[in-house]
Amino acid sequence: MSTYLAILMICAVFIVGEILSKLVSYKVTGYVFAMIILIIVGGQFGLITTETFNNTLFVDVAYGFGVPFAITCFGGSIPFKSFKGEWKTCVIAIAAVVFIVALGAIAGFTVLDKVTALYGSVEVAGGTQAGLIFLAQLKETGEQKIAAIIAILMTGQVLVGYPACGYALKKAMVKRLGDESFNSLSAAGTGELLLADNFKKLIKIPEFLANNFYYVFAVLALCCIGGYYIGEITGISMFVWDLLIGFIAAQLGLIDGDSLNKVGSGGFIDATMFAIILMDLVTINLKDFAGILPTLIALLAFGVIGCAVAGVVLAKPMKMPFVDIFAIGLACLNGYPLTVKIVDECAEIVGQENSLSEETRDRLLNFYKPKVVISGIVSVSVVTGVLAGVLVSFI
């Protein structure tokens, strides 16, 4: 299959998804429709395969440099003052993981197999990093059924996590609109975290160079080289270090959070990432899915319930609405970069449904994006990665 035909097929899936979303007045996002289309057209009928995705070369772009560069740029958008202000987000992310895994532990000693329940709940509370650790262990022990469950969860948990987080986030945004103190702020007042130019830079890079494609890519490549090797030494995901190094690079004035967009690459990288995240859905057919469906439902339910429990427990001491904590916690079922997509879509939908001005929409976007994205990174890249490493050592 030619690259051009493969690109046409994959793009057609997302185009149809957007059309269907429009027909239902955006109550279901185009991305969710794209997931369903890929399972039916790909997994069931085999008309789109992983080879189709590979032929688009999107995989090379996204995994080769797209995801690391995007995370580094996000780190570059975080001023130190605002970063300190997100400690509540980190607590929420950790609490969500704790409650999800606690439910898995209870089930593991009662109604489900212990390994399935613990491995599955950690995977639901995290993502790819934990899943890869578990799959490597299960390959050695030959436990194929559990391996299949983990593999499907790695791909399929977003089918629950994406709409659940989106639903809660839209509710949170609408509730936030009724907050007079929020409405009295300007978009910049709520969005300081995402506005990379709002803080003093230590090094002044000439504008002609700062906005040069080759300069930006060279700096991002250097940041990611550092993230890779520190990750190898520490055993902590390179994405965590990419985020931190991006933050440092921005404080120095080498890049900012909008560098990729300024050189015309941000939209393309985002589009390729969002496409390849769904690639493995084309490997799941209905027969395989039916056999382990009850266990999958239980594990995914743990994810949603655990985040809800975190909302109930933390709402009063943190003085935050339950729905805010619930939405931020549900980021763990998605992870980066899906969390970016969720916030963007929700802000757009809430803006359309409530006839909001562009400034008000941007205020919502800038208020929630750092919370949801950071929550996903903390839970997926840090907490569950450590938990997975500990579990495979003892179970």
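Rules of the game
Residues numbered from 1 in each chain as written. Predicted model: local features only at pLDDT ≥ 70, side-chain atom pairs only at ≥ 80, totals over all residues. Heavy atoms only, no water. Helix = DSSP H or I, 4+ residues; strand = E, 2+ residues; numbered from the N terminus. Buried < 20%, exposed > 50% of the residue type's maximum accessible area, 1.4 Å probe, protein only. Contact = heavy atoms within 4.5 Å. Areas by Shrake-Rupley, 256 points an atom, 1.4 Å probe, with all protein chains shown as cover. Salt bridge = Lys/Arg side-chain N within 4 Å of Asp/Glu carboxyl O. Axes fitted to C-alpha atoms, helices over the stretch in contact; angles between N-to-C directions. Parallel < 35°, antiparallel > 145°, perpendicular 65-115°, else oblique. Left-handed = near helix turned anticlockwise from the far one by under 90°. Nonpolar A, V, L, I, M, F, W, Y, C, P; charged D, E, K, R; others polar. Phe/Tyr/Trp six-rings, centres within 6.5 Å; stacked < 30°, edge-to-face > 60°. Lys NZ or Arg CZ within 6 Å of the ring centre and 35° of its normal. Core = buried A, V, L, I, M, F, W, Y, C linked by side-chain atoms within 4.5 Å. pLDDT = per-residue confidence, 0-100. Expected span 1.5 Å × (residues − 1). Patch = residues over 30% accessible without salt bridge, like charges linked within 9 Å, V, L, I, M, F, W, Y side chains within 5 Å. Polar contact = N/O pair within 3.5 Å; in protein donor to acceptor, adjacent residues only side chain to side chain.

1. Concerning the overall build of the protein chain
Here is step 1 of the chain: Along its length, the protein chain carries 21 helices and zero strands.
Here is step 2 of the chain: For the protein chain, the residues scored as buried account for 52% of the 395 residues in total.
Here is step 3 of the chain: Summarising the internal contacts of the protein chain: among those between residues at least 6 apart in sequence, 80% fall at separations of at least 24.
Here is step 4 of the chain: When the accessible area of the protein chain is evaluated, it comes to approximately 17,700 Å², of which 66% is carbon and sulfur surface.

2. What to know about the environment of D324
Here is step 1 of the chain: Mapped onto the secondary structure, D324 falls in helix α19 (residues 322–329).
Here is step 2 of the chain: Residues D324 and M173, 151 residues apart in the sequence, show an inter-C-alpha distance of 8.4 Å.

3. Considerations on the pattern of salt bridges
Here is step 1 of the chain: Under the criterion given, the structure shown has six salt bridges.
Here is step 2 of the chain: The shortest N-O distance in the salt bridge between R176 and D324 comes to 2.4 Å. Of this pair, R176 sits in helix α9 (residues 144–177) while D324 sits in helix α19; the two residues are 148 residues apart in sequence, bridging distant segments of the chain. Comparing R176 with D324 shows no difference in burial state: the two are buried.
Here is step 3 of the chain: The partner of K341 in a salt bridge is E345, with the nearest N and O atoms 3.9 Å apart. Of the two residues, K341 and E345 both sit in helix α20 (residues 338–353), four residues apart, roughly one turn of that helix.

4. Describing the packing of helix α18 (residues 293–318) against α19
Here is step 1 of the chain: At a minimum axis separation of 8 Å, α18 and α19 run at an interaxial angle of 140 degrees. The angle between α18 and α19 places the two elements in the oblique class. Handedness of the crossing formed by α18 with α19: right-handed. Within the contact between the two elements, α18 uses V304, C307, A308, A310, G311, V312, L314 and A315 and α19 uses F322, I325, F326 and G329.
Here is step 2 of the chain: For the contact of α18 with α19, the residue count by class is ten nonpolar, two polar and no charged.

5. As for the packing of aromatic side chains
Here is step 1 of the chain: With the rule as written, the count across this model stands at eleven aromatic pairs.
Here is step 2 of the chain: Ring geometry for F65 against F69: centres 5.5 Å apart, planes inclined by 50 degrees, an arrangement best described as tilted. Of this pair, F65 and F69 both sit in helix α4 (residues 58–76), four residues apart, roughly one helical turn.
Here is step 3 of the chain: Judged by its relative accessible area of 29%, F65 is partly exposed.
Here is step 4 of the chain: Between K371 and the ring centre of F367, over which it is positioned, the NZ or CZ distance is 4.2 Å.

6. A word on the nonpolar core
Here is step 1 of the chain: In this structure, F134, L169 and M173 are the most contacted members of the largest nonpolar core, which totals 109 residues.
Here is step 2 of the chain: Examining the composition of this core, we find that 15 residues originate from one element, α9, more than from any other.
Here is step 3 of the chain: Beyond its immediate chain neighbours, meaning those up to four positions away, F134 contacts Y119, V122, E123, I150, A388, L391 and V392.

7. A short note on the confidence of the model for the protein chain
Detailed reading of predicted coordinates is not advised where the pLDDT is low.
Here is step 1 of the chain: In this model, the protein chain carries an average pLDDT of 84, and 89% of its residues clear a pLDDT of 70 or more.
Here is step 2 of the chain: Long-range and interchain partners of residues 187–197, a stretch whose pLDDT sits below 50, account for 36 contacts in this model, where long-range means more than four residues apart.

8. Points about unusual backbone geometry
Here is step 1 of the chain: With a phi close to 70 degrees, L57 is a non-glycine residue in the positive phi region.
Here is step 2 of the chain: Along the polypeptide, L57 turns up in the loop between α3 (50–56) and α4.
Here is step 3 of the chain: Positive phi, normally seen in glycine, also occurs at K319, with a value near 55 degrees.
Here is step 4 of the chain: Along the chain, K319 falls in the loop between α18 and α19.

9. Some details on helix α6 (residues 87–108)
Here is step 1 of the chain: Taking 1.5 Å per residue as the helical rise, α6 with its 22 residues ought to reach 32 Å, and the 32 Å between its terminal C-alpha atoms agrees with that figure.
Here is step 2 of the chain: T89, I92, A93, A95, A96, V97, I100, V101, G104, A107 and G108 are the residues of α6 that are buried.

10. Here we look at a nonpolar patch on the surface
Here is step 1 of the chain: A contiguous nonpolar surface patch, about 430 Å² in accessible area, is contributed by I15, I19, L23, V24 and V28.
Here is step 2 of the chain: For V24, the position within the fold is in the loop between α1 (3–23) and α2 (30–44).
Here is step 3 of the chain: Residue class for V24 comes out partly exposed when judged on its relative accessible area of 34%.

11. Quick notes on the side chain of S375
Here is step 1 of the chain: Summarising the element assignment, S375 is placed in helix α21 (residues 358–394).
Here is step 2 of the chain: Classification of S375 as buried rests on a relative accessible area of 1%.
Here is step 3 of the chain: A polar contact of 2.7 Å, which involves the side chain of S375, links it to the backbone oxygen of I328.
Here is step 4 of the chain: Other than its neighbours up to four places away in sequence, S375 contacts T89, A93, I328, G329 and A331.

12. Side note on the environment of A172
Here is step 1 of the chain: Inspection of the secondary structure assignment puts A172 in helix α9.
Here is step 2 of the chain: When neighbours within four sequence positions are excluded, A172 is seen to be in contact with V323, D324 and Y368.

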